[in-house]
Number of protein chains: 2
Amino acid sequence: MEQPRIAQYLIERLVVLGVQHVFSVPGDYVLGFLHQVEQSPLRIVNTCDEQGAGFAADAYARIRGLGVACVTYCVGGLKIANPVAEAFAEKSPVVVISGAPGTKERVKNPLLHHKVREFDTQLRVFEQLTVAATALHDPRTALREIDRVLAAAARYRRPVYIELPRDMLDTPATLDHTPPEVPEPSNPETLREAVREAVDMIGAARQPVIMAGVEVHRFGLQDALLQLIERTQIPVAATMLGKSVIAEGHPLYLGVYEGAMGHEEVRAYVESSDCLILLGCFMSDINLGIFTAHLDPAYSISVTSEQAAIRYHRYDEVRLDDFIRGLTEAGIERRPPDHVPHPEAPARFVAEHNAPITIRRLFQRLNAFIDDDTVVIADPGDAMFAGLDLFIQSRTEFLAPAYYTSLGFAVPASIGVQLANPKLRPLVLVGDGAFQMTGMELSTAARFGLNPIVVVLNNGGYATERPMQDGTFNDILPWRFSRIPDVLGVGAGFDVHTEEQLDAALDTARASDTFSILDVHLDPSDTSPALQRLTATLGVRVK
Amino acid sequence: MEQPRIAQYLIERLVVLGVQHVFSVPGDYVLGFLHQVEQSPLRIVNTCDEQGAGFAADAYARIRGLGVACVTYCVGGLKIANPVAEAFAEKSPVVVISGAPGTKERVKNPLLHHKVREFDTQLRVFEQLTVAATALHDPRTALREIDRVLAAAARYRRPVYIELPRDMLDTPATLDHTPPEVPEPSNPETLREAVREAVDMIGAARQPVIMAGVEVHRFGLQDALLQLIERTQIPVAATMLGKSVIAEGHPLYLGVYEGAMGHEEVRAYVESSDCLILLGCFMSDINLGIFTAHLDPAYSISVTSEQAAIRYHRYDEVRLDDFIRGLTEAGIERRPPDHVPHPEAPARFVAEHNAPITIRRLFQRLNAFIDDDTVVIADPGDAMFAGLDLFIQSRTEFLAPAYYTSLGFAVPASIGVQLANPKLRPLVLVGDGAFQMTGMELSTAARFGLNPIVVVLNNGGYATERPMQDGTFNDILPWRFSRIPDVLGVGAGFDVHTEEQLDAALDTARASDTFSILDVHLDPSDTSPALQRLTATLGVRVK
């Protein structure tokens, strides 16, 4: 009986787990593996730079449940340290597969090209940035190691690292490896007790509120959450990272909770709750409005994939999905709230003749533009802060690195998103500074026939930082973004100065099969209300 | 008596060490420090992406002896993991200064934005990639720590990492720190013994040869090497990384030694030596022609900044500079060699009418173009391999990551080089694939008034990899590189199909105050002889 070969087994597992695309830049240590990938059902998407592959794989993982970045040793791998760190911080299961010098080549420790310090330097770096990391040097353990790290990615929704020495690709492995672990179940007694305590607390509360976090998205619990809400009639707010886990038109939806940075009525309602049920929320600073949030643990129930806490004590072995279903089925009394705040549905947008475009009006227009097939992908900065006020009608996805806030995410992310789900049409919101980092990955979008609509909020540099500390370091060279299609030989570019130009450009872009880029010329002093509040808060802390 | 404040002390030390520019992308954790830098004699050069800042700082360090990349926490720092790894591998003293959450902010371990896993995750990553790393949390040790890591950068010519919590900038430090260490001297007895043994071995040898490595460049020992050669009349070859440490017109210069990849007469002469004196050489694979080199330790003397070895034994505490001077002054008998191989000086280039440009003719033309003020900066790939055959008349600098071979180095490196020495005119040789990674940093060159001449070797993808393993992953979108000046609003673009067009474009470019980009359209199957030999060798090893 033939034993599986290491590279083939890895490819097969990825296919079984639903992966269809691998984001990559080729390099000699990984060429042999890429050749095998090319013969498999997986499709290779090679980006301009590894950084783009990393962000694309992260976004792909957010939509599809698993993403793969395949790179060469060190000169490729180390270029994606930052996107992988982002995936770690924001819970996105990215599998990093790195080619590497062969096991036999490492004997006597020669100076092979791309080597930094020791042969395991890259492995050590990724041990810091992943939940599981392995180098497949031993055919006796290789398959088990592949299963172990892939299981960790599924369990924690965080990145993992697999190093593949180039002489091990076709090594047959031993068969006696354990099959993939089943997900750890909740401890039934602990779960029952935790649910019972939560139910009692909710029953005794005057104004229970659910806060839905990003893990609801990552673990695919949107429907479970919806059932819980409709069964119990408890109103729900979302964190910034959790925006879009529930249709914003839902009558029980309050809005995004962002502390003092967000809408006052949402803040007041949430903070006056005497029973706040946090489901899959990160307690991070920007995610919770830069510490302007006032949430009292005495009134909190918080369950994530990593821990469950009610008031001041913790329960182990309680899974988030089991807890949500447990609450749903616990027979909590339906008490529809009297009246709750609710985001305003967007008004019809009518372009004013000759009116220069402002950020407020830009987002009003975008509100009218998005529909159920849109995925909004926002880069950190005002693109993201203003984007949070967009009204997500029903199933629209909203993706933004709201906790890790790495600039340069949005354009390459749009590639991952549209390949992960071709029904989605990416609307990319990106600042001019962030675009200059990774925006030329539009080249990759064009090469693979994708058609994102990219809105560049062009306000002459790092406008988010100016209120905190201005200096020439916040200035950048003004690019003529609308000329980029000339360089790439494909795509459509638009200069947008007025509301009517915006209208026309969006209509043309929607109909286009190729990417569109809208250079929206904003007054450098024109920022969104959310950003004004944020930078005022951050400015105090920056010194 | 006022005690120095931490940030001010760091800035002062950098100025004393000859730094004039800091490469950066702003971000909130580092804004306070950037503000202080802006008030100092240092000039901030903000690049499009941190990756560009990393490569620019590396190149700056190679020319000037120290370079600085100043980034924000994680989202900035982790983006330069790869350029810093390159600086480590190729001995370039880059100081990474990263802003970070304040020491007081870290209490109770909150989830601050940009944090990956633990507050020290980034520090741990850079411990793998630097020779010294520190986080300045303690005002009692901060100045000593700054001195310690800067001394390590000088001693090893490798990168170091300084993390600056944003609340420590203006903290006064204690004064009782040790002043910067003097360089460790050689042990005089050991040095004397090592020089004596080397002199005996050279005296007994039939055909001694010096191999000059990159450390001769990094430690500024070019003049010391020249004296040694002229005093002893021992002929000298260079490694790939060491190319340009000696004027290639020197009568005792043999050429670049690249094993079977290089010129046969150089290989034969070096390998038939019965006393090979390796000075500051890395024994790496590409640097030595992918293990096609046949160098026998029984006939070798090898001294680097890290160790000295003669035949099969080692000496500790012998410095490279002391060893070179020791040999020079040892009274070695002058024995001018009979006849040695020597690179051919370039012939006059006359463009053929209507002749399509080939890679061979391109480099013949570039040979005629370069002069003493040119710095040739080559990206890995055929740009570098063909570039190695350029004839460096006298003091021309030749920079290429010949060991670490990270794509995307050359364009951002040209920024660092020209700021490090404004008399140098960068001639950038870059493949079309590598340009798509970082080439838009031309934006930074334009913003700071630099005028590199960028030659894009446009052969339709990753041509270096095709002979090893071809696939669609080696294809890229064809960019119209000559249109990039339209996007940036500055610069000159040229499409080059023929020899006459090349002639005209280079003449125009030389006279230009802004950057020029030459899109040199090559036949995809047209590769340099050096690359053909290399890929044939690598192809065997790739599976």
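Residues numbered from 1 in each chain as written. Chains lettered and ligands numbered in written order. Predicted model: local features only at pLDDT ≥ 70, side-chain atom pairs only at ≥ 80, totals over all residues. Heavy atoms only, no water.

> It is not clear to me how the relation of the copies chain B and chain A should be interpreted in this structure. Could you clarify?
The relation between the two copies of this chain is a rotation about an axis and a shift parallel to it. When chain B is fitted onto chain A, the two copies agree to an RMSD of 0.0 Å after a turn of 180° and an axial shift of 0.0 Å. Between the two chains, the operation in question is that of a two-fold axis. For chain B, the smallest separation between a C-alpha atom and the rotation axis is recorded for Val125(B), amounting to 2.6 Å. Here 100% of the interface residues in chain B have copies in chain A that are interface residues too; the copies meet face to matching face. (Least-squares fit on C-alpha atoms with pLDDT ≥ 70 in both. Contact = heavy atoms within 4.5 Å.)

> In this structure, what is going on with unusual backbone geometry? I would like to understand it.
Residues apart from glycine generally show negative phi values, whereas peptide bonds are mostly found in trans. For His114(A), which is not a glycine, the phi torsion comes out positive at approximately 75°. Here His114(A) is to be found in the loop between β4 (94-100) and α5 (121-129). Assessed through its relative accessible area of 6%, His114(A) is described here as buried. At Ser244(B), a position not held by glycine, the phi torsion is positive, near 90°. Along the chain, Ser244(B) falls in the loop between β8 (236-238) and β9 (253-256). Taking relative accessible area as the criterion, Ser244(B) reaches 9% and is therefore assigned buried. (Helix = DSSP H or I, 4+ residues; strand = E, 2+ residues; numbered from the N terminus. Buried < 20%, exposed > 50% of the residue type's maximum accessible area, 1.4 Å probe, protein only.)

> It is not clear to me how the pairing of strand β6 (residues 160-165) of chain B should be interpreted in this structure. Could you clarify?
A regular strand carries its side chains on alternate faces of the sheet. Residue and element names in this part refer to chain B. Burial runs high along β6: 6 of the 6 residues are buried. The alternating pattern of β6 places Val160, Ile162 and Leu164 on one face and Tyr161, Glu163 and Pro165 on the opposite face, and all of these are buried. As judged from the 4 bridges shared by strand β5 (residues 132-135) and β6, these two strands associate in the parallel manner. Looking at β6, one finds that alanine 132 is bridged to valine 160. Each parallel crossover has a hand, and for β5 linked through helix α6 (residues 142-156) to β6 it is right-handed. (Pairing = 2+ DSSP bridges. Right-handed = clockwise from strand over helix to strand, strands pointing away.)

> Got a minute to help me understand the packing of helix α3 (residues 50-64) of chain B against helix α14 (residues 410-420) of chain B in this structure?
Two quantities define a packed helix pair, namely the angle between the axes and the distance from one axis to the other. Residue and element names in this part refer to chain B. With their axes 7 Å apart at the nearest point, α3 and α14 run at an angle of 40° to one another. Accordingly, the angle class assigned to the pair α3 and α14 is oblique. For the crossing formed where α3 meets α14, the hand is right-handed. Note on element contacts: α14 touches α3 through Pro412, Ala413, Gly416, Val417, Leu419 and Ala420, opposite Gly52, Phe55, Ala56, Ala59, Tyr60, Ile63 and Arg64. Here the contact of α3 with α14 is built from residues that sort into 10 nonpolar, 2 polar and 1 charged. (Axes fitted to C-alpha atoms, helices over the stretch in contact; angles between N-to-C directions. Parallel < 35°, antiparallel > 145°, perpendicular 65-115°, else oblique. Left-handed = near helix turned anticlockwise from the far one by under 90°. Nonpolar A, V, L, I, M, F, W, Y, C, P; charged D, E, K, R; others polar.)

> I'm lost on helix α9 (residues 222-232) of chain B in this one. Help?
Think of an α-helix as turning once every 3.6 residues; residues three or four places apart then point the same way. All names here are of chain B. Those residues of α9 that fall on the buried side of the exposure criterion are Gln222, Ala224, Leu225, Leu228, Ile229 and Thr232. Down the axis of α9, the buried set is contained in an arc of 165°. They therefore lie on one face. Against the buried residues of α9 lie β7 (208-212), α8 (214-218), β8, β10 (275-279) and α11 (320-328). (Arc of directions from axis to C-beta.)

> Sorry if this is basic, but what is going on with the sheet that holds β10(B) here?
The pairing of strands in a sheet comes from backbone hydrogen bonds and takes either a parallel or an antiparallel form. All names here are of chain B. Taken in spatial order, the 7 strands make up an open sheet running β9-β8-β7-β10-β11-β12-β13, and their pairing is mixed. The sheet is open, and its two edges are formed by β9 and β13 (313-315), each paired on a single side. On average, each strand axis in the sheet is tilted by 20° relative to the strand beside it, whichever way the strands run. Sitting on the sheet, α9 is in contact with β7, β8 and β10, with an inclination near 170° to β7. On top of the sheet, α11 reaches β10 and β11 (300-303); it is set at about 140° to β10, its chief contact.

> Just checking my understanding: could you explain the packing of aromatic side chains for this structure?
Geometrically, a pair of aromatic rings is defined through the distance of the ring centres and the angle of the planes. Counted under the stated rule, the structure contains 14 aromatic pairs over all chains. Here Phe23(A) and Tyr60(A) contribute two aromatic rings whose centre-to-centre distance is 5.4 Å and whose plane-to-plane angle is 70°, an arrangement assigned as edge-to-face. Here Phe23(A), found in strand β1 (residues 21-24), pairs with Tyr60(A), found in helix α3 (residues 50-64); they are 37 residues apart in sequence, far enough to count as distant. When its relative accessible area of 0% is taken as the criterion, Tyr60(A) is described as buried. Each residue in the set Phe435(A), Trp479(A) and Phe481(A) is aromatic and connected to the rest through ring pairs, giving one cluster. Above the face of the Phe88(A) ring, Arg158(A) is positioned so that its terminal group lies 4.3 Å from the ring centre. The ring of Phe398(B) has Lys243(B) sitting right over it, with the charged end atom 5.5 Å from the ring centre. (Phe/Tyr/Trp six-rings, centres within 6.5 Å; stacked < 30°, edge-to-face > 60°. Lys NZ or Arg CZ within 6 Å of the ring centre and 35° of its normal.)

> Looking at this model, I keep getting lost on the nonpolar core. Mind explaining?
For soluble globular proteins, the rule of thumb is that nonpolar side chains tend to be buried together. Membership of the largest hydrophobic core comes to 239 residues, with the highest contact counts inside it found for Phe323(A), Leu518(A), Phe323(B) and Leu518(B). With 7 residues, helix α7 (residues 188-204) of chain B is the largest single contributor of residues to this core. Non-local contacts of Phe323(A), meaning those with residues more than four positions away in its chain, are made with Leu191(A), Ala194(A), Val195(A), Ala198(A), Leu279(A), Ile301(A), Val303(A) and Val318(A). In this structure, Val375(A), Phe515(A), Ile517(A) and Leu407(B) belong to the second largest nonpolar core, which totals 63 residues. (Core = buried A, V, L, I, M, F, W, Y, C linked by side-chain atoms within 4.5 Å.)

> Explain the sheet that holds strand β10 (residues 275-279) of chain A here, please?
All names here are of chain A. Reading across from one edge, β9-β8-β7-β10-β11-β12-β13 is the order of the 7 strands in this open sheet, with mixed pairing throughout. Only two strands of the sheet have a single neighbouring strand rather than two, namely β9 (253-256) and β13 (313-315). With direction set aside, neighbouring strand axes in the sheet form an average angle of 20°. On top of the sheet, helix α7 (residues 188-204) reaches β7 (208-212), β10, β11 (300-303), β12 (308-310) and β13; it is set at about 135° to β13, its chief contact.

> Is there a simple way to explain the interface of chain B and chain A in this structure?
As a measure of interface size, the accessible area lost when the parts come together is often cited. Facing the 87 residues of chain B at the interface are 87 residues of chain A. Across the interface of chain B and chain A, roughly 7500 Å² is buried in total on both sides, 59% from carbon and sulfur atoms. The tally of links from chain B across to chain A stands at 0 salt bridges. Linking chain B with chain A are 37 residue pairs in polar contact (both at pLDDT 80 or more). Residue contributions to the side of chain B that touches chain A peak at 6 residues, all from helix α5 (residues 121-129) of chain B. Tallied by class, residues from the side of chain B that touches chain A come to 44 nonpolar, 21 polar and 22 charged. (Buried area = accessible area lost by both parts, 1.4 Å probe. Salt bridge = Lys/Arg side-chain N within 4 Å of Asp/Glu carboxyl O. Polar contact = N/O pair within 3.5 Å; in protein donor to acceptor, adjacent residues only side chain to side chain.)

> Help me out: how do you make sense of the environment of Phe349(B) in this one?
Residues and elements named next belong to chain B. Looking at where phenylalanine 349 falls in the secondary structure, it is placed in the loop between α11 and α12 (359-369). Residues phenylalanine 349 and valine 25 lie 324 residues apart in sequence; the distance between their C-alpha atoms is 43 Å. If near-sequence neighbours (up to four positions away) are discounted, phenylalanine 349 is found in contact with Arg361, Gln364, Arg365, Ala368, Glu499 and Asp503.

Function-wise, these values are silent; they only describe arrangement.
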